[in-house]
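Listed below are the residues making up each chain.
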There are 2 protein chains.
Amino acid sequence: MPGGSSIDKDLGLKMTVHLDGMASASTADTNTTESTDTVSVPHPVNVTGKDTRHRNHGNRVKEEITVIGPESKFHVTPVSEEEHELNNRVPSRPTPELKFELDDEGDTLSNHNSITALLSSKFRDIQKRLKQYGIESPRFRKRLVSKWESLNYDVCENVLYIKEQEKYKSKKWVTLRWLSKWLVMFSIGIMTALLAATIHFVVEKLAHLKFDLIKHYFDDCAKNNCLYQPALMWMGINLVITVAGAALVTFLQPMAAGSGIPYIKSYLNGVKIPGLLTFRAFVAKTLGVVMSILGGLACGKEGPMAHSGSIIAAGLGRGRINFCNGKSISFYSAFRNDHEIRDFMAGGAASGVSSAFGAPIGGTLFSLEEAASFWNQDLTWRVFFSSMVACFATNFLISAINGDPTKLTDPGLVRFNAFKFDLKFDLIEIPVFIFMAVIGGLSGALFVVMNYKLTVFRKRYLNKNWIKIIEAGLVAMVSAAVAFGLMVGINDCTDKAPFDSHAVTAAVYCTDKKHNSLSTLFLTTPEGCLKALLHDPFESHGPVSLVAFVLIFFLLGVWTYGLSVSSGVFIPSLAIGAAWGRLVGIGVAHLMPENPNLQLDVGKFALIGAACQLGGILRTTISLTVIIVECTDDISFGLPIMIVLMISKWVGDFITTGLYDMNVEVMGIPTLPFECPPLCDDLRASDVMSHPLATFKTKEKVENIYRMLKEETFCGFPVIEDDPMAPGKGKLKGLILRNQLLVLLKKKIFCPEGQVPPRNITIKDFRDFYPVYLKVSEIDLSDEEKSYVMDLKPYYNPSPYTVEQKFSLPRVFNLFRGLGLRHLIVTDEKNMPMGMVTRKDLAKFRVGSKRGLVKIEQLKIEDK
Amino acid sequence: MPGGSSIDKDLGLKMTVHLDGMASASTADTNTTESTDTVSVPHPVNVTGKDTRHRNHGNRVKEEITVIGPESKFHVTPVSEEEHELNNRVPSRPTPELKFELDDEGDTLSNHNSITALLSSKFRDIQKRLKQYGIESPRFRKRLVSKWESLNYDVCENVLYIKEQEKYKSKKWVTLRWLSKWLVMFSIGIMTALLAATIHFVVEKLAHLKFDLIKHYFDDCAKNNCLYQPALMWMGINLVITVAGAALVTFLQPMAAGSGIPYIKSYLNGVKIPGLLTFRAFVAKTLGVVMSILGGLACGKEGPMAHSGSIIAAGLGRGRINFCNGKSISFYSAFRNDHEIRDFMAGGAASGVSSAFGAPIGGTLFSLEEAASFWNQDLTWRVFFSSMVACFATNFLISAINGDPTKLTDPGLVRFNAFKFDLKFDLIEIPVFIFMAVIGGLSGALFVVMNYKLTVFRKRYLNKNWIKIIEAGLVAMVSAAVAFGLMVGINDCTDKAPFDSHAVTAAVYCTDKKHNSLSTLFLTTPEGCLKALLHDPFESHGPVSLVAFVLIFFLLGVWTYGLSVSSGVFIPSLAIGAAWGRLVGIGVAHLMPENPNLQLDVGKFALIGAACQLGGILRTTISLTVIIVECTDDISFGLPIMIVLMISKWVGDFITTGLYDMNVEVMGIPTLPFECPPLCDDLRASDVMSHPLATFKTKEKVENIYRMLKEETFCGFPVIEDDPMAPGKGKLKGLILRNQLLVLLKKKIFCPEGQVPPRNITIKDFRDFYPVYLKVSEIDLSDEEKSYVMDLKPYYNPSPYTVEQKFSLPRVFNLFRGLGLRHLIVTDEKNMPMGMVTRKDLAKFRVGSKRGLVKIEQLKIEDK
């Protein structure tokens, strides 16, 4: 067998790599007798032994990366039937034929070399770059951060659980549980709608007050030459409110920054996001978003609704209110596990989206698309129900605010549906739309790239709380100043009444029933601005104003997203797109002056432009498509919208990922894609697993358990048979989680050896600590207690999911993804645990595309 | 431990049942030393041994059900930690405390007994009923039919596969494969649209000719008293065309009968449906549906479009044309496996729905909802793309047929969107809608129950081909006769012009520019009838005509669905609902004569009625909701539609299952639900698995293989280590499929013992037989060859999914469902295969609800 060599010594990485190109595959049958150079399969070592070998994750990567022992080679086994016997081999001489053929990027795979070369080149590349930048500057999009843990979706079927199940094993309980799930979903919908309507009411009223005030001084001072007054006032108001909002978010719960959608997506994907679903986050999010909008930032309140809805859902699911002083009132605890909370949260996110956009179907899809590996029809119906309730209740409440609750005309916070004409399109317009989609994709990608650079800059240099707050205030002031400057500088007056009769329009230098065209865009909330761009008459906005608006709002949007304030990116994206869409519309109307309909249709182009821009920035999935179509309220126009969304996504994907995905990547959250990356078929479970393992015996000394929890960062420990003949090499008995062990230690469920162990613990004791688990530092053990023995038998999960070491990566991936696992134990043929596959071991293979070709990169796992 | 007894001896079923109520659970700790009465765990027996024990499935159930040996007990293990050691126990004395408390149905679970009691009572019940009816009359909805096999979604990663993968392991190939998938999806969309437009064109033209002819004679004869002429002519035309259509379906491919949607759903769920995706089915389906509609049956052409689209997709995916004479042209074979074909089929079904209803989002959801456990975002995009292409192309083609291809006004074959007023609803109308939804749910359930009785009757007594054809002809004649009778008998004349300007309206006895109101409903295709009911002016249809129409069309609909013709149930359901919805609208208008708008709004009530009726009959899932909303083309009206669909579903579900589910149940197709049924938590893998197993050694005698394939119906065989010390008890090495073995035998990949086995076989040889595999009868072996040995090592799947016997049913279920498995091997602690879980072992636990309470029943597995 060709291949097999020690390389990369100079980089401090010792890897044995077996290269197996097509040649080796075709000749594998003939040279089987020589293939003794492969792969010793590492066995688990008992944790008491000193061991410095490489762990694929955990927080010791940095120190240990140079001390890789012979057992942890990253090997790609050759393609031959002999691999079935690989257990019986010993590692031996590296053969010298190894050759790498790297293509220009050094991190992609060319035609005639294998994944092996790629991986090694990837390592090398990372090493080089690290040296270049110094070790402190991580490459944000090329790493996973080790602090992110998985959710526990799998049920631990230990004796306690089965005992509890017994109690509720009756038709009545099953039906009751079913009903209460529906009831919780109903409450989620209602409460989300209440929240949405309240925010809407407060923002509209206060923003109107603010802009009325500014307008008043503006118009006065335009005559009296005191324009510095409204400018300073505007900047001052923005500064104060925004700084307050930023401080709220920064100090109360930094997780509440931004739209929250990247976090929600990651949570639904199966990643635990500490602090995301707390009451503090709720307060920071909801108050924060009101302040952000009143503070004049280029942001919307729609994205944060998904987050707020999720928090409401998690709170209702847990049935407990936590107060700031550490006390709490508990109502019910039946749903306190990751599985149920995730289901409710799917409903909450859907309700949030639904009440924000009046899009119950889109909201449902939004949730289910992200939680896709767990879709089931029953859950779908519940999510849909809560989404519908939210939409309906929001409609009722906002209609009531507007004066006629039974008319039900406002199903969401933002709608595009108030076109005065029927939206119809003609086939000949499709090429124009496609052209716009390409622009949208390109400018969207530009938005993402610029925001990425800014994010990296912020991560490196603006990471102190007070700097974050100052930056937010600065953006708010600049927003006001620039808007002011444009309104004064561009003398674009119009006598067309604005679409929105509530609009605040300043005359500034305009006279005689005319008003400043830009004032309809800047003296309003971002939603009002979007409405104006979509629905105002053709003559309302001149090309010069629009060009200036697009440029300024684009830059403000880039700068605003990622500030430490609660803010959404939907509305600014749509507004930017609507503005340049209107420009395109004006252009088309000028090209064909004989067709008067085109002037009427300028709103149509604005709508398409908005969709293109949003598609380019967010890379709309199917759910976002549905959301926009539902917002437009006209399905006949759905087809062009779908087409432009797909095209703008493709164009954008050609250049970079979407904004949310960029966020997830920068935070290093190990989300799993829907399918295993290609070209990884010949990796085996034993190649990707973390090892050596930390294992426990079924009866383990308290001291060992305590030390292990303190020293290791693992969250799950295989429990093995206590074999006195071969210590640490027993058959797999089960899996116990860190949280369980901590509760057991806390409750002192142990006894001196030989005595009957105490059993005074129920599943409720474990559940009481959900979701904020104990820390090792909270455990207090005397020396005597440390010598005691804990019987793990009743507590570990006796049937964890396992795979044999020969399992290929794609199948391991499907298993992990399909079941939403947290730990997957890799065993050898004798059912002894060899290693553990966790989320990060799989998420580190990321697929991307570069210039139309598929590319795979292996991410590094770092501490921060 | 209480419980544990031999019962049911009188019924010929020997079961040891361990009852473990709450009492046993709470005292499990104290009496552990006595619990020696449990459960010997059966080991696999080598197939050469004679064995008459019960197999959970296979075609021998009938003979073997009374000869259950001691090993195959259906045991429910008690809740205690000692179960981990259950391997070491022997069965012993049954304790006498066993009690059953059955509730009135005898097949549901009451509060204080366990699943055990339920299962045994179920068995007893089935036995009783069987005796009552005689063994020949199966209880159609209480059984699974053993002939249905699973699809192979799991990849067999044997050496051949890995070798082939090596070849295509490059960026170029991955990208090419990715592109060709998109290309195939594009072609699917285009071809489905072409088909839809062609069918639409042909049906519209021919139906118009037919009804024009009848109308002509009708009007003439009404004056000249020769009404028997048009009656006979109408019945004659119907008879001839319908009999031709029925004969086509019955003789060419019976799978083409009905709408095909129950089959498509089952296929996407993972069940192999032989003949479903063949060219013959395509011809029978498409020509058949044209003939059914021209033959005057109460059916639509929309449902069959999903089936036709799927066949197109499967054909394009396979890249092969099979001719009738057994020859075929093969274009490409890369996608010839169940996994890829299923993906394409999802696109095909979506395209079909999309071009039928102009509902690209609904179509996508329709596919993905059914194939939900396999949803991934990449696939979603492809399906959405093909769905959108289909919608767009259909729109273009039908618009072109109507004269203006660039106007794009007809996105699907049927639309509800041509309302002359804006669809708006007021909150006060919601109670009326809810009332209608309840009616819809009840009448829908009545439809299903009546059709079920009819289906059972057909299965028992009308199972000859010629009887089926005669029945279809009879229905067609009766349809014509009844329509004729109503038009002559009910003298409802109107002078309102019908909505559709192409409508054929007969005057019959009406004079002076008036026409017979019922003629607009009967002298047209069912779609035309639906359109008339939705859009005709208030005065067009009188209450008497509508009542008569509803009754007649309901009965005709029940009678038509299930005939051996290609027909859909969407349109008749909608038409029935629209008719009684219109009645409700007329009633409301009469109650409130002061509100003239209500008369205008009669179409709104018709639309809601249609949705209610469809929801009641089909139990709309979320996808159907979206389809109807997309058809209505107005999202603001989406909310009441969603509400009535949910309510009609709930009301209907309270009584019986939906029509498609009823179909699936009657056919005994083992579809898996989305979640494991409740109350089954204490069943273990070892309880549900089929055993004993038929196993092979890694080197097996050809004779043994041949005999096993001939004698057994298993489709997968575990391969075990050849342990000379304990024959038939080796460790699990892999899994080999029946299809693989048949190909190996056919290609004679064996040799005399001791020689080097031939290797002249590639993965393409296996693929060439997809999807119609070899039969044992096609294998021809000489006696000498039978003494040879086959080396299975390069061909079996070396890493099949396995679970330990202790796995609980819910987790086995999730694994099976989440990964779309066909075989799941149950092993003991030493990694020796003990049994196999297949789809039917899981599908036999069916959850239902009875009077609002959850109920579980265990289905029987029968041969037909």
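Residues numbered from 1 in each chain as written. Chains lettered and ligands numbered in written order. Predicted model: local features only at pLDDT ≥ 70, side-chain atom pairs only at ≥ 80, totals over all residues. Heavy atoms only, no water.

**With respect to the state of the cysteines**
Consideration 1: Under the defined criterion, the tally for this structure stands at two disulfides over all chains.
Consideration 2: Covalently, Cys 221 of chain A is tied to Cys 226 of chain A through a disulfide, its sulfur atoms 2.1 Å apart. Every disulfide takes its handedness from the sign of the S-S torsion; for Cys 221 of chain A and Cys 226 of chain A that torsion is -90°, giving left-handed. Across this residue pair, the class does not change: Cys 221 of chain A and Cys 226 of chain A are buried.
Consideration 3: As a non-bridged cysteine, Cys 299 of chain B has Cys 529 of chain B as the owner of its nearest cysteine sulfur, 12 Å distant.
Consideration 4: No disulfide involves Cys 631 of chain B; its sulfur sits 10 Å from that of Cys 391 of chain B, the nearest cysteine.
Consideration 5: Look at Cys 631 of chain B and you get buried, because its relative accessible area is 1%. (Disulfide = S-S within 2.5 Å. Buried < 20%, exposed > 50% of the residue type's maximum accessible area, 1.4 Å probe, protein only.)

**Thoughts on the side chain of Ser 266 of chain A**
Consideration 1: Here Ser 266 of chain A shows up in helix H7 (residues 261-269).
Consideration 2: Of the polar contacts made by the side chain of Ser 266 of chain A, one reaches the backbone oxygen of Pro 262 of chain A; its length is 2.8 Å. (Helix = DSSP H or I, 4+ residues; strand = E, 2+ residues; numbered from the N terminus. Polar contact = N/O pair within 3.5 Å; in protein donor to acceptor, adjacent residues only side chain to side chain.)

**A few points about a nonpolar patch on the surface**
All names here are of chain A.
Consideration 1: A cluster of nonpolar side chains, contributed by Ile 434, Val 438, Leu 442, Val 449, Phe 654 and Ile 655, occupies part of the molecular surface with about 470 Å² of accessible area.
Consideration 2: Counting residues per element, the ones that place at least two in the nonpolar patch are helix H13 (430-461) and helix H22 (638-655).
Consideration 3: Here the nonpolar patch gets four residues from one element, more than from any other, and that element is H13.
Consideration 4: On the secondary structure map, Ile 655 appears in helix H22.
Consideration 5: Since its relative accessible area comes to 46%, Ile 655 is described here as partly exposed. (Patch = residues over 30% accessible without salt bridge, like charges linked within 9 Å, V, L, I, M, F, W, Y side chains within 5 Å. Areas by Shrake-Rupley, 256 points an atom, 1.4 Å probe, with all protein chains shown as cover. Salt bridge = Lys/Arg side-chain N within 4 Å of Asp/Glu carboxyl O.)

**Some words on the pairing of strand S13 (residues 732-737) of chain B**
Residues and elements named next belong to chain B.
Consideration 1: Among the six residues of S13, six are classified as buried, and the element is accordingly described as predominantly covered.
Consideration 2: Note: strand S12 (residues 716-720) against S13, five bridges, orientation antiparallel. Residue pairing across strands places Val 719 opposite Gly 734, the latter belonging to S13. (Pairing = 2+ DSSP bridges.)

**Focus on the sheet that holds strand S17 (residues 833-838) of chain A**
The strands making up a sheet associate through hydrogen bonds between their backbones, and the pairing can be parallel or antiparallel.
All names here are of chain A.
Consideration 1: The three strands are arranged S15-S16-S17 in an open sheet whose pairing can be described as mixed. Edge positions in the sheet fall to strand S15 (802-804) and S17, since each has one partner strand and no second. The mean angle between the axes of side-by-side strands here comes to 30°, regardless of whether they run parallel or antiparallel.
Consideration 2: Pairing geometry for S15 and strand S16 (residues 823-827), over three bridges, is parallel. Bridge pairing in S16 links Thr 802 to Ile 825.
Consideration 3: Helix-sheet contacts for helix H29 (residues 809-819) involve S15, S16 and S17, and the interaxial angle to S16 is about 145°. (Axes fitted to C-alpha atoms, helices over the stretch in contact; angles between N-to-C directions. Contact = heavy atoms within 4.5 Å.)

**Observations regarding the UniProt feature "domain: CBS" (unreviewed entry) in chain A**
Consideration 1: If you check UniProt for "domain: CBS" (unreviewed entry), the listed places come out as residues 689-753 and 796-856 of chain A in our numbering.
Consideration 2: The straight-line gap between the two end C-alpha atoms of residues 689-753 of chain A is 34 Å; of that span, 29% is helix and 25% is strand. (UniProt positions renumbered as here; feature names shortened; annotations may be inferred.)

**Structural notes on the sheet that holds strand S10 (residues 696-697) of chain B**
Residue and element names in this part refer to chain B.
Consideration 1: Judged by pairing direction, the sheet is mixed, and its three strands sit side by side in the order S10-S12-S13 without closing on themselves. For this open sheet the edge positions go to S10 and S13, each flanked by a neighbour on one side alone.
Consideration 2: Helix H26 (residues 738-746) contacts S10, S12 and S13 of the sheet and is inclined by roughly 75° relative to S13.

**Thoughts on the pattern of salt bridges**
Residue and element names in this part refer to chain B.
Consideration 1: Across all of its chains, the model carries 36 salt bridges over all chains by this definition.
Consideration 2: Between Glu 527 and Lys 301 there is a salt bridge; the shortest N-O distance is 2.6 Å. Of this pair, Glu 527 sits in helix H16 (residues 526-535) while Lys 301 sits in the loop between helix H8 (279-294) and helix H9 (303-318), and the two are 226 residues apart along the sequence. Judged on exposure class, the residue Glu 527 and its partner Lys 301 are both buried.

**A short note on the pairing of S16 of chain A**
All names here are of chain A.
Consideration 1: For S16, the tally of buried residues reaches five of five residues, placing the bulk of the element in the interior.
Consideration 2: A two-sided burial pattern is seen for S16, the buried positions comprising His 823, Ile 825 and Thr 827 on one face and Leu 824 and Val 826 on the other.
Consideration 3: Handedness of the crossover joining S15 and S16 through H29: right-handed.
Consideration 4: Alignment of S16 against S17, held across five bridges, turns out to be antiparallel. If you follow Ile 825 over to S17, its bridge partner there is Met 836.
Consideration 5: Hairpin connection of S16 to S17: five residues between the antiparallel strands, including Asn 831 at a positive phi of 65°. (Right-handed = clockwise from strand over helix to strand, strands pointing away.)

**Description of the environment of Val 803 of chain A**
Residue and element names in this part refer to chain A.
Consideration 1: Its location among the elements puts Val 803 in strand S15.
Consideration 2: Between the C-alpha atom of Val 803 and that of Leu 815, which follows or precedes it by 12 residues, the distance is 9.2 Å.
Consideration 3: In this structure Val 803 touches Ala 685, Val 812, Leu 815, Leu 824, Ile 825, Val 826 and Thr 827, once residues within four positions along its chain are discounted.

**A short note on the confidence of the model for chain A**
Residues and elements named next belong to chain A.
Consideration 1: Chain-level statistics for chain A give a pLDDT mean of 78 and a share of 80% at 70 or above.
Consideration 2: Within chain A, the element-level pLDDT minimum falls on helix H2 (residues 61-64), averaging 32, and the maximum on helix H17 (residues 543-560), averaging 93.
Consideration 3: A low-confidence stretch, residues 1-113 stays under pLDDT 50, and its non-local contacts, those more than four residues away or across chains, total 251 contacts.
Consideration 4: For residues 134-138, every residue scores under 50 in pLDDT, and the model assigns this stretch seven contacts once sequence neighbours within four places are set aside. (pLDDT = per-residue confidence, 0-100.)

**So, the nonpolar core**
Consideration 1: Core analysis: the largest hydrophobic core is formed by 340 residues, its most contacted members being Trp 234 of chain A together with Trp 234 of chain B.
Consideration 2: Other than its neighbours up to four places away in sequence, Trp 234 of chain A contacts Lys 210, Phe 211, Ile 214, Phe 218, Ala 480, Ala 483, Phe 484, Met 487, Phe 522 and Leu 523 of chain A.
Consideration 3: Within the second largest apolar cluster, 60 residues are counted, among which are Leu 824 and Val 826 of chain A together with Ala 685 and Met 834 of chain B. (Core = buried A, V, L, I, M, F, W, Y, C linked by side-chain atoms within 4.5 Å.)

**Describing the packing of aromatic side chains**
Residues and elements named next belong to chain A.
Consideration 1: Summed over the entire model, instances satisfying the criterion amount to 40 aromatic pairs over all chains.
Consideration 2: Their ring planes at 15° and their centres at 4.8 Å tell us that Phe 549 and Phe 553 sit as a pair that is stacked. Remark: Phe 553 and Phe 549 occur in helix H17; sequence separation between them is four residues, near one turn of the helix.
Consideration 3: Residue Phe 553 is classed as buried on the basis of its relative accessible area, which comes to 6%. (Phe/Tyr/Trp six-rings, centres within 6.5 Å; stacked < 30°, edge-to-face > 60°.)

**Thoughts on helix H12 (residues 377-401) of chain A**
Spacing of three or four residues puts side chains on the same side of an α-helix, whose turn is 3.6 residues.
Residues and elements named next belong to chain A.
Consideration 1: With 25 residues, H12 should cover 36 Å at 1.5 Å per step; its first-to-last C-alpha distance of 36 Å lies within 8% of that length.
Consideration 2: Most of H12 sits inside the fold, with 19 of its 25 residues counted as buried.
Consideration 3: Once H12 finishes, Gly 403 follows within two positions and takes phi at roughly 115°, a positive value. (Expected span 1.5 Å × (residues − 1).)

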